[in-house]
Amino acid sequence: RQMCIRDSLDTSQYVYKRTKISIIIDRSGSMNSIFDKLISNILTFIERLEPSAEVNILFFDDVIGPRKTFSAGDLKAITTFVKSLKPKGNTYLYK
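Residues numbered from 1 in each chain as written. Predicted model: local features only at pLDDT ≥ 70, side-chain atom pairs only at ≥ 80, totals over all residues. Heavy atoms only, no water.

(A) Region of the structure containing the nonpolar core. Residues Ile25 and Ile57 are the most contacted members of the largest nonpolar core, which totals 20 residues. For this core, the elements supplying multiple residues, two or more each, are β1 (20–26), α1 (35–47), β2 (54–60) and α2 (75–84). Here the element with the most residues in this core is α1; it accounts for five residues. Excluding its chain neighbours within four sequence positions, the residues that come into contact with Ile57 are Ile23, Ile25, Pro66, Arg67, Lys68, Phe70, Ile78, Phe81 and Val82. (Core = buried A, V, L, I, M, F, W, Y, C linked by side-chain atoms within 4.5 Å. Buried < 20%, exposed > 50% of the residue type's maximum accessible area, 1.4 Å probe, protein only. Helix = DSSP H or I, 4+ residues; strand = E, 2+ residues; numbered from the N terminus. Contact = heavy atoms within 4.5 Å.)

(B) Spatial organisation of the environment of Phe59. Assignment of secondary structure puts Phe59 in strand β2. For Phe59, a relative accessible area of 9% gives the class buried. In the structure, Phe59 is positioned 31 residues away from Ser28 in sequence and 9.2 Å away in space, judged by C-alpha atoms. Apart from the residues lying within four places of it in its own chain, the contact partners of Phe59 are Ile25, Arg27, Ile64, Gly65, Pro66, Phe81 and Leu85.

(C) Layout of the pattern of salt bridges. The tally for this structure, following the rule as stated, stands at two salt bridges. One salt bridge connects Arg27 with Asp61, and the closest N-O pair in it is separated by 2.6 Å. One end of the pair, Arg27, is in the loop between β1 and α1; the other, Asp61, is in the loop between β2 and β3 (68–71), and 34 residues separate them in sequence. Through salt bridges with shared partners, a single network forms among Arg27, Asp61 and Lys88. (Salt bridge = Lys/Arg side-chain N within 4 Å of Asp/Glu carboxyl O.)

(D) Here's a closer look at the packing of α1 against α2. Orientation of α1 relative to α2, taken along the N-to-C sense of each, is 165°, at an axis distance of 11 Å. Accordingly, the angle class assigned to the pair α1 and α2 is roughly antiparallel. Considering only the axes of α1 and α2, their crossing is right-handed. Listed contacts from α2 to Ile39, Leu43, Ile46 and Glu47 of α1 are Leu75, Ile78, Thr79, Val82 and Lys83. (Axes fitted to C-alpha atoms, helices over the stretch in contact; angles between N-to-C directions. Parallel < 35°, antiparallel > 145°, perpendicular 65-115°, else oblique. Left-handed = near helix turned anticlockwise from the far one by under 90°.)

Worth remembering: the numbers are spatial, not functional.
Pasting the structure below:
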């Protein structure tokens, strides 16, 4: 019998670590024509995550917005927050 890598792993020693995802959203005015599609794709991505995953969302335009942290299972709160973002301003490059 051939031994494959999977045969030699002892999964009882695995430590589950919570998945953490960070999403940075450019909401500057130049994103206006594609922003709705961007938001739709972000929400589709989050819906596919395990509900316990931590999702950090940060946005920027001519300012950098505060980071918001959610559990992926809280789709209602994530959807409300992400859909509240509207393209505006310029791109914040440096201070």
